[in-house]
Each structure stands twice: as structure tokens, then as C-alpha cells.
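The chain contents come next:
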Amino acid sequence: MVSRTALEAQPDNEPPPKDDHAFFGQPKGLLTLSGLEVWERFSFLGMQAILVLYFADTVAHGGMGMSSGTAASVSAAYGTLVYLVSVAGGWLADRILGSYRAVLWGGILIACGHYAMAVPTSTMTWVGLGLISAGTGLLKPNVATMVGKLYRTDDERRDAGFALYYMAINIGAFAGPLITAWLGDHRGWHWGFSAAAVGMTFGLIQYVAGRRHLAGRRNTAEFALAPDAMRRAVRLIVAGILVAAVLATALALAGWLTMGRFVDLLTVVSVVAPAVYFAVMFMSPRVTPEERGRLRPYIVLFLASTVFNFILFQAYSTMMLLAASNAETTILGFDFPAGWYASALGAFEVGLAPVVAALWVRMGRRQPHASNKIAIGVVLGGLSFLLMVLPTSGHSGDAYRMSAWWIVGSYFLLGLGDILLETSGMSATTKLAPAAFSSQTMSLWFLSLALANGIQAQTVKLYDDVSKPAYFGVNGAIAVAAGLAVMAAAPWLRRTMHPVH
């Protein structure tokens, strides 16, 4: 074990020594970052598990009174906004705040957003979602980048470390919906949002308490702007936010900026933003030819992530609506809120992540290439939707009830696919990232999540208009085909993704 004195003596932008095995054989900084993500996911996914149900519930019952398709679309648009903002979060960390402070301020904004949503008015709901979007954009890309800084590029513990980190994420994903869904069902939706606020507060406390174990915890940004440029950037950011707020308010009052148009606008931005971002990095003089060569296979990984997360995020929208309307909420005689189905996804990932991590450690360099792990994950995501074709077929109307085990089985496939894809994808991203765009390249990975949500925001509008077997069957088949295409490209990916194994 490395002593505290030795750890604090090292440059804080360097990873800990390779022999730091204090946390299940991993660097002790992983414990601090994993603990933060437990509570961040507790709050974020705990809230998201009930958000679409809150939107679709009647006004008389404390909801927003939206149709199922509209509720799912607005929920997806919120997810789009969260991950679009991650681009700004990565840039702010690289150029102004530094990773540690970006994560800290992001957590503070998230907590404030959840506290705002605890207030039972529709206005505070939208204010809260805006704050959570901004805070998550600061926190998510930068905390994942900080995990990557704990390891050297050739450290074989890297994928296993990300698997443990992802297991911690899913402890929060499992626990959050249990609390928020029960409170939402028994006490009211805003009680559930209150629990999410308390969870994020706990996360901030433990993050600050464990900061001494983190690599890259210096106060200044690694690629900070010059003082004059930084002051000019801050002024432009503040002015841009104010102008955007005033313009959005004026357009809304004039009746032009409706909810539907805002959703459509976010979808367009989610398509354009990654294309522009890839172009900027390819043309940047700060990116070396070798780094530019590794960005090309990264485009394939980006698209694979988009396809998989298009399926994954519907675990909190269309799958949640299906569970609430057409699935039993009783297992072995025990009644539970429909929102608890979201906890099944987290439970599977908690249970499977250490198994996957141990498998990769045992296999060492014999483990599958990162691109194959990602491809298998995409195929499993598609199969999770194809499975839902069976219980939704052969019914004359929508008044049927399927066994709870169908949704549990679908979430099992989805959870295993998520572990394979996200851990390998985030790990590969930190290794393929150009040095001058480290946090921003992780933001690019999260832009794949924005694109997935942007596409979902449009397709879920069909949820009320087409049959359930057709909806789940077509989407699932597309995902399986995409996964098989990545497998077919594996030889080229192995050649071009060096040093990623």
C-alpha cells in the first residue's frame, strides 16, 4: 500500500504508482470517484425512473398530464440536453476549471436541481431539470476522465478498474429507483425527487473528503487558457447564457418555442454537434498524426454506443411505460411500484460487473479486443428488445398483463450488454483521446448518448401509434444488425486502435 505522504508528494496530475492496489487491487482514488458516482447515479436514475411516469400521470394525481408518447419524448429530450451540455463541461475542465473543480461544481448544480424539483410546481420542475442538465454536463465527462488518470495506458488493470467503477455506478442505479419509486407511489412524485436531492448531497460530501487520493486534482486546468483569453471566455459564456435565456423566454411567450419544437431542436443539435466536434479534432494542429489515426476507429465505437444507448435509455421511457400499463407488479406475492423495474437493471449490473472484471483480469491479454466487447454489448441490447416481441404479441387489445419475468429477462440482457459496452467504451476513450482534448474526448463519448437520446426523442413518438411487437421488434433488429457489423469490422479496428487491446 502506498503511504499517504508518498501519494501526496507525487505530482497531482500524474496517476498513482502502479503498485497502489488499495481498493480491490485498484488505485485508492477509484474508491472516491466510485463513491461519488454511487450517489450521483442514485439521484439521477432514481429521478429518471419516475420522471416519465410523472409526466404521464394525470394532473389530478400530481402528474403533468402528458400522453405516453409525449412523456417519453420529453424525457428523452431531457436526456439529450444532459449529454449535449457535457461538451461544455469537458471544455471548461480542460481550459478553465480543471477536472476536480468541474466535478465539484457539477455536483452542486445537480443537488440544487433536485431540491428545486422537490417543490411541487411545474415551473420548479423545469428549473430543476435545467440545473441537473448543466450539473451533469460538468460532472459526467470529467469524473470518467479522472478515473482514466488513475492508470497508465499500458496498465492491464484499466478495464477491470472501469468495470468496478461501473459496478459502483449501478449500486446507485439499483438503490435510487427503490427509494424514489416507493416515495412517488406512496407519498407523491415530489417526495421521490427530494430523495434524489439528499443522495447527491451525500455524494458531494464524500467526494470532498476523499480528494487527496485523486490524480489530476490540481486547482488549475491542465490546458488552461492564457489569463486574458480566460477572462474573455468567461465574459462570452455568461453573455451567451443570458442571451439564450432571454431569447428562449421571448420565443416561448410569443408561442413559437413550443415543447414539440424544443424537442425537435435538441434532436437536430444532437446530430450536428458530434459531426462538428469530430471535424474540429481532426483538423486541430494540436492533434498529432498518430492521434488522428486513432480517431478514425473511434467513429465506429461512437456509432455503436449510439445504437446501444438508444435501446438502453428506453429502459427508463417506453419500457417503464410498458411496465406500468401491461406488466404485473407482483412477484412471489409481493406488490411493488412499476418504477422498481428500473432497479432490476441496476441489480444485474451490480452482480455482473465484478464477474466481468474478474474475467478480464484472469484472461489478461487473451481477453477479447475492446471492439468485440462493444459489439457483443450492442447485440445483447438488440436481443433485449427482440425478447419483448413475444409477450406483447397475440393480444387483441392493450388490456393484457404480462409476467414480470419478461421485463426482468429483458433487463438482464440489457444490463450485461451495458457492462460490456460502457466499460470498454469509456476505457478505450481515455486511451484513444488526443492529449490536448482529454476531457473533451470523453465529452465526445457522451455526445453519443446525446445522439441516442435525440433519436429516441423522435422514435418514441410512434410508441402510441404502432403495435408493441412492431416497435420493439424493428428497433431490436436494427441494434443486432449494428452489433454484427462492428464484429465484421474487427480486423480493421484491431489494426487501427493501437494501443487499445
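Basis of the calculations
- Residues numbered from 1 in each chain as written.
- Predicted model: local features only at pLDDT ≥ 70, side-chain atom pairs only at ≥ 80, totals over all residues.
- Heavy atoms only, no water.
- Phe/Tyr/Trp six-rings, centres within 6.5 Å; stacked < 30°, edge-to-face > 60°.
- Buried < 20%, exposed > 50% of the residue type's maximum accessible area, 1.4 Å probe, protein only.
- Helix = DSSP H or I, 4+ residues; strand = E, 2+ residues; numbered from the N terminus.
- Expected span 1.5 Å × (residues − 1).
- Bend = angle between axes of the 7 residues up to and from the residue.
- Axes fitted to C-alpha atoms, helices over the stretch in contact; angles between N-to-C directions.
- Left-handed = near helix turned anticlockwise from the far one by under 90°.
- Contact = heavy atoms within 4.5 Å.
- Nonpolar A, V, L, I, M, F, W, Y, C, P; charged D, E, K, R; others polar.
- 1 Å grid on protein atoms, 1.4 Å probe; cavity = no way out; pocket = protein on both sides within 12 Å on 5 of 7 lines; lining within 4 Å.
- Points joined across faces, edges and corners; volume = space filled by probe spheres on them.
- Core = buried A, V, L, I, M, F, W, Y, C linked by side-chain atoms within 4.5 Å.
- Salt bridge = Lys/Arg side-chain N within 4 Å of Asp/Glu carboxyl O.
- Polar contact = N/O pair within 3.5 Å; in protein donor to acceptor, adjacent residues only side chain to side chain.

**Q** It is not clear to me how the packing of aromatic side chains should be interpreted in this structure. Could you clarify?
**A** Working definition: an aromatic ring pair is given by the centre-to-centre distance plus the angle between the planes. If you walk through the whole model with that rule in mind, you get 16 aromatic pairs. Seen in terms of ring centroids, Tyr 54 and Phe 55 are 5.9 Å apart; in terms of plane orientation they differ by 35 degrees. Their pairing is tilted. Pair check on accessibility: Tyr 54 and Phe 55 agree, each one buried. Here Tyr 100 and Tyr 207 contribute two aromatic rings whose centre-to-centre distance is 5.0 Å and whose plane-to-plane angle is 20 degrees, an arrangement assigned as stacked. In this pair, Tyr 100 sits in helix H4 (residues 99-117) while Tyr 207 sits in helix H7 (residues 189-209), placing the two residues 107 residues apart along the sequence. When its relative accessible area of 8% is taken as the criterion, Tyr 100 is described as buried.

**Q** Got a minute to help me understand helix H2 (residues 29-56) in this structure?
**A** Along its 28 residues, H2 runs 41 Å from first to last C-alpha, staying within 8% of the 40 Å computed at 1.5 Å per residue. Taking the largest bend as the criterion, H2 deviates by roughly 30 degrees, centred on Ile 50. Of all the 28 residues making up H2, 25 are buried; the element is thus mostly covered by neighbouring parts of the structure.

**Q** Quick question: what am I supposed to make of the packing of H2 against helix H11 (residues 318-326) here?
**A** A packed helix pair is summarised by two numbers, namely the angle formed by the two axes and the spacing between the axes. Packing of H2 against H11 brings their axes to within 9 Å, and their N-to-C directions diverge by 65 degrees. As H2 packs across H11, the resulting crossing turns out to be right-handed. Packed against H2, whose contacting residues are Ala 49, Val 52, Leu 53 and Ala 56, the element H11 presents Met 320, Leu 321 and Ala 324 at the interface. Its residues assigned to classes, the contact of H2 with H11 shows seven nonpolar, no polar and no charged.

**Q** Could you clarify how one ought to interpret the layout of surface pockets in this entry?
**A** The gaps of empty space that remain are located by a probe, the size of a water molecule, rolled over the atoms. As a volume, the largest pocket reaches approximately 1,500 Å³. If you trace the largest pocket, you find 39 residues lining it, with Leu 81, Gly 130, Ala 244, Ala 248 and Phe 262 closest to the centre.

**Q** Is there a simple way to explain the nonpolar core in this structure?
**A** Within the largest apolar cluster, 126 residues are counted, with the highest numbers of intra-cluster contacts made by Met 47, Tyr 165, Tyr 207, Tyr 341, Ile 407 and Tyr 411. For this core, the element with the most residues is H2, which contributes 13 residues. In this view, Tyr 341 contacts Ala 323, Ala 327, Glu 328, Phe 336, Ala 404, Ile 407, Val 408 and Tyr 411; residues no more than four positions away in its chain are not counted.

**Q** In this structure, what is going on with the pattern of salt bridges? I would like to understand it.
**A** Oppositely charged side chains can form a pair if their charged atoms are brought close together. Counting across every chain of the model gives four salt bridges. The partner of Glu 290 in a salt bridge is Arg 294, with the nearest N and O atoms 3.2 Å apart. Taken as a pair, Glu 290 and Arg 294 lie in helix H10 (residues 289-312) at a separation of four residues, close to a single helical turn.

**Q** Would you mind going over empty space enclosed by the protein with me for this structure?
**A** Applying the stated rule across the entire model yields four cavities of 30 Å³ or more. If you add up the space inside the largest cavity, you get close to 280 Å³. Around the largest cavity, the lining comprises 22 residues; the ones closest to its centre are Arg 41, Tyr 83, Tyr 166, Leu 312 and Asp 418. Among the elements of the structure, H2, helix H6 (158-186), H10, helix H12 (341-363), helix H15 (404-432) and helix H16 (438-459) are those that each provide at least two residues to the lining of the largest cavity. Of the residues assigned to the lining of the largest cavity, the class counts are 14 nonpolar, three polar and five charged.

**Q** In this structure, what is going on with the environment of Gly 135? I would like to understand it.
**A** Tracing the sequence through the fold places Gly 135 in helix H5 (residues 122-148). Linking Gly 135 and Val 103, residues 32 residues apart in sequence, is a C-alpha distance of 8.4 Å. Filtering out sequence-adjacent residues up to four positions away, Gly 135 remains in contact with Gly 106, Leu 109 and Ile 110.

**Q** How do you make sense of the environment of Ala 315 when you look at a structure like this?
**A** Topologically, Ala 315 is positioned in the loop between H10 and H11. A relative accessible area of 1% places Ala 315 in the buried class. C-alpha of Ala 315 to C-alpha of Ala 49: the two residues are 266 residues apart in sequence and 8.7 Å apart in space.

**Q** What is the right way to look at the side chain of Ser 73 in this model?
**A** Examined against the element boundaries, Ser 73 turns out to sit in helix H3 (residues 68-97). Of the polar contacts made by the side chain of Ser 73, one reaches the backbone oxygen of Ala 457; its length is 2.7 Å. If near-sequence neighbours (up to four positions away) are discounted, Ser 73 is found in contact with Val 263, Ala 457, Val 460 and Lys 461.

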